[in-house]
Amino acid sequence: MIIAAFFLAFYFLPIGKSGFQKSVIEALSLAKMYAREHVVFCLIPAFFIAGAISVFISKGAVMKYLGAGAKKIVAYPIASVSGSVLAVCSCTVLPLFAGIHKRGAGIGPATAFLYSGPAINVLAVILTSRILGLEMGIARALGAVVFSVVIGLTMQIIFKSPSTDESFDENLIEAEEANRPLWQAMVYFGLMVMILIFSNWGRPEQTQGIWHLIYSGKWVITSISAVIFGLALVIWYHYDARKIFIVMGATAVLALVFHNPMIPFVAALIGIAWASMTDGEEGKEWVSSTWDFAKQIFPLLFAGILIAGFLLGSPEGEGIIPSGWISSLVGGNSFLANFFASVTGAFMYFATLTEVPILEGLMSHGMGKGPALALLLAGPAVSLPNMLVIRSVLGTKKTVVFVLLVVVMATISGMIFGNLF
Amino acid sequence: MKIEILGKGCPKCSRLVQNTREAVKALGIDAEIVKVTDINRIVDYGVINTPGFAVNGIVKSSGKVLSTKEIISIID
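Residues numbered from 1 in each chain as written. Chains lettered and ligands numbered in written order. Predicted model: local features only at pLDDT ≥ 70, side-chain atom pairs only at ≥ 80, totals over all residues.

**Student:** Any details on the overall build of chain B? Residues and values, ideally.
**Tutor:** Scanning chain B from N- to C-terminus turns up three helices and four strands. When its helices and strands are written in sequence order, chain B yields β-α-β-α-β-β-α. By the compact-globule yardstick of 11 Å for 76 residues, chain B fits well, its C-alpha radius of gyration being 11 Å. For chain B, the spread of C-alpha atoms along the principal axes amounts to about 30 × 20 × 15 Å. Counting over 76 residues, chain B shows a buried share of 42%. The contacts of chain B with a sequence gap of at least 6 include a subset with a gap of at least 24, amounting to 65%. (Helix = DSSP H or I, 4+ residues; strand = E, 2+ residues; numbered from the N terminus. Rg over C-alpha atoms; globule rule 2.2 N^0.38 Å. Buried ≥ 20, exposed ≤ 12 C-beta atoms within 10 Å, placed from the backbone. Contact = placed C-beta atoms within 7 Å.)

**Student:** Summarise the interface of chain B and chain A; cite the residues concerned and give the values.
**Tutor:** At the junction of the two partners, chain B supplies 17 residues and chain A supplies 22 residues. Where the side of chain B that touches chain A is concerned, the elements lending two or more residues are α1 (11-27), α2 (39-44) and β4 (58-62) of chain B. Per-element tally for the side of chain B that touches chain A: the top contributor is α2(B), with four residues.

**Student:** Explain the domain arrangement of chain A residue by residue, including any values.
**Tutor:** Residues and elements named next belong to chain A. One can read the domain layout of chain A as domain 1 (29-55 + 178-300) and domain 2 (59-176 + 322-420). Between domain 1 and domain 2, the C-alpha centre-to-centre distance is 29 Å. Listed by partner, the interface residues are 15 residues for domain 1 and 15 residues for domain 2. When residues of the side of domain 1 that touches domain 2 are traced back to their parent elements, those giving at least two are α3 (39-56) and α16 (280-312). With six residues, α3 is the largest single contributor of residues to the side of domain 1 that touches domain 2. A per-class count over the side of domain 1 that touches domain 2 returns 11 nonpolar, four polar and no charged. (Domains from an automatic or database assignment. Nonpolar A, V, L, I, M, F, W, Y, C, P; charged D, E, K, R; others polar.)

**Student:** Can you lay out helix α19 (residues 355-364) of chain A for me, pointing to particular residues and giving the numbers?
**Tutor:** In terms of burial, α19(A) is largely enclosed, as nine of its 10 residues are buried. Taken residue by residue, α19(A) has E355(A), V356(A), P357(A), I358(A), L359(A), E360(A), G361(A), L362(A) and M363(A) as its buried positions.

**Student:** Describe helix α9 (residues 122-132) of chain A, naming the residues involved and giving the relevant values.
**Tutor:** Residues and elements named next belong to chain A. Of all 11 residues that make up α9, nine are buried, and the element is covered over most of its length. Burial in α9 covers these residues: V122, L123, A124, I126, L127, T128, S129, R130 and L132. Backbone geometry just downstream of α9 places G133 in the positive-phi region, at approximately 105°.

**Student:** Which residues make up the sheet that holds strand β1 (residues 2-6) of chain B, and what values go with them?
**Tutor:** All names here are of chain B. With mixed pairing, four strands are arranged side by side in an open sheet as β2-β1-β3-β4. Strand pairing shows two members of the sheet lacking a second neighbour, β2 (32-36) and β4, which therefore form its edges. Looking at each pair of strands side by side, their axes are set apart by 25° on average, direction ignored. Pairing between β1 and strand β3 (residues 52-55): four bridges, direction antiparallel. Residue pairing across strands places I5 opposite F53, the latter belonging to β3. (Pairing = 2+ DSSP bridges. Axes fitted to C-alpha atoms, helices over the stretch in contact; angles between N-to-C directions.)

**Student:** Outline unusual backbone geometry, listing residues and values.
**Tutor:** All names here are of chain B. In this structure, N56 takes a positive phi of about 50° despite not being glycine. Within the element layout of this structure, N56 appears in the loop between β3 and β4. Judged by local crowding, N56 falls into the exposed class, with 11 C-beta atoms found within 10 Å.

**Student:** Would you mind going over the packing of α3(A) against helix α15 (residues 262-277) of chain A in detail, with residue names and values included?
**Tutor:** Residue and element names in this part refer to chain A. Relative to each other, α3 and α15 sit at 15°, their axes nearing to 11 Å. In terms of their interaxial angle, α3 and α15 are classed as roughly parallel. Crossing geometry of α3 relative to α15 is assigned as left-handed. Within the contact between the two elements, α3 uses V40, F41 and I44 and α15 uses M262, F265, V266 and L269. Of the residues belonging to the contact of α3 with α15, the class tally is seven nonpolar, no polar and no charged. (Parallel < 35°, antiparallel > 145°, perpendicular 65-115°, else oblique. Left-handed = near helix turned anticlockwise from the far one by under 90°.)

**Student:** Tell me what's going on with the pairing of β3(B), and back it up with residues and numbers.
**Tutor:** Residue and element names in this part refer to chain B. Two strands pair when backbone bridges link them, and β3 and β4 are joined in this way by four bridges, in the antiparallel orientation. Looking across to β4, one finds that V55 is bridged to I58. Turn length for the β3-β4 hairpin, with the two strands adjacent in sequence and antiparallel, is two residues, and the turn residue N56 shows positive phi of about 50°.

**Student:** Any details on the confidence of the model for chain B? Residues and values, ideally.
**Tutor:** Chain-level statistics for chain B give a pLDDT mean of 85 and a share of 100% at 70 or above. Model confidence for the complex: the whole-complex pTM is 0.78, and ipTM, which rates the interface, is 0.74. (pLDDT = per-residue confidence, 0-100.)

**Student:** Could you give me a rundown of the packing of α1(B) against helix α3 (residues 68-75) of chain B, with the residues and numbers involved?
**Tutor:** All names here are of chain B. Taken N-terminus to C-terminus, the directions of α1 and α3 make an angle of 55°; their axes are 8 Å apart at the nearest point. Classed by the angle they form, the pair α1 and α3 counts as oblique. Crossing hand, α1 versus α3: right-handed. Taking contact as the criterion, the partners of N19, T20, E22, A23, A26 and L27 in α1 are, on α3, T68, I71, I72 and I75. Across the contact of α1 with α3, the residue classes break down as six nonpolar, three polar and one charged.

Listed below in structure tokens is the structure:
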């Protein structure tokens, strides 16, 4: 069977048709662009941050605010933003959602979490801002947070949620006792985010003023952040000082020898990974969860990039789907374009992060900014496969209402955003 | 003995299954290893951070990939 299918696929492979060939080339060139521009400075550091979040931030501490005894006024804001630290990977969103619904704060906060979680996790926000533009990244995070509260409250009002199961054993989600004060963790994450932001600082249009100043000094700022980060590792995380100094020294030498900043940057990343691997449990866990995310997300992301490139083309060229179709369906900022984008997004399944290259393709061929945001908001939050899981938790009626709310809210956010920008 | 791994199939869950198999093999005991992927059953166990690890219906750990050594010390 499989052999026959392969044979047929190759028999009818439309090589020579110019459209097909051009699309294949578009797919490859888009993948090349990502590999050259986004992987080293953006994706890999983002994976390190995601790994650190999953190891160093105590989920138990956050979940306490979403437990059965939680005050509603606290539960909603926490549910709407906690996706950023709780749901680094989409496979953890659904168990957390089911847990909050059944044993914790009830249907309102649970649906708020489910809506915002996939949109505001660090990886999604970083990649969206980097590729689709900063205002898109911010709009996505803000839209997700604000409208998740609206959705949660609406669900709560429509379905007066029954009293939650009081028998929930809080001990199971009890926090592992924190081994360092919160502000140290904040500084630690702050430094990593600084390194990420400044090393990705884009060249501004004008050659004067504050933005240009930051741009021309971006490697200085990045290096200073990196040095402080190294010291923080030694002082708070008890890394071996000698190893950190070896890494710093090697990075500095490489930076002086080569003019391409990519080489010292990669050396520093490898060095940090090496120092972490050989230094205690926490460091090892950090590297191994970083590696887990990378292993899980990279193949899917690149498959998504190839498909997006093939169908939609890279920013420079057209793929197999003509631009005219795209701009006629989701161009501009009409109600219909936004609505169509929301509905498509709600049913379509996006593997983690693949929504970003797909949208890049759509936007460079005529999709409006409003519909793009609508798709970003409705897309990762629900999909046909996870609707089935949600239905097994909530039941058919509540699931239908939830999906409808998602579509409506995504459409509204899209229209507002499209009008502003 | 019945060992259940609770999780929706993320890489962490499969690593935990792998480590559990190794632990059971190292101990040479007769144990049934079951993957639980149904979300409602996972929540009924009170596990919110996957992967969860349960022995004979009692949750021993959650949200963590236990090493083979740790698993041996739990089930032995």
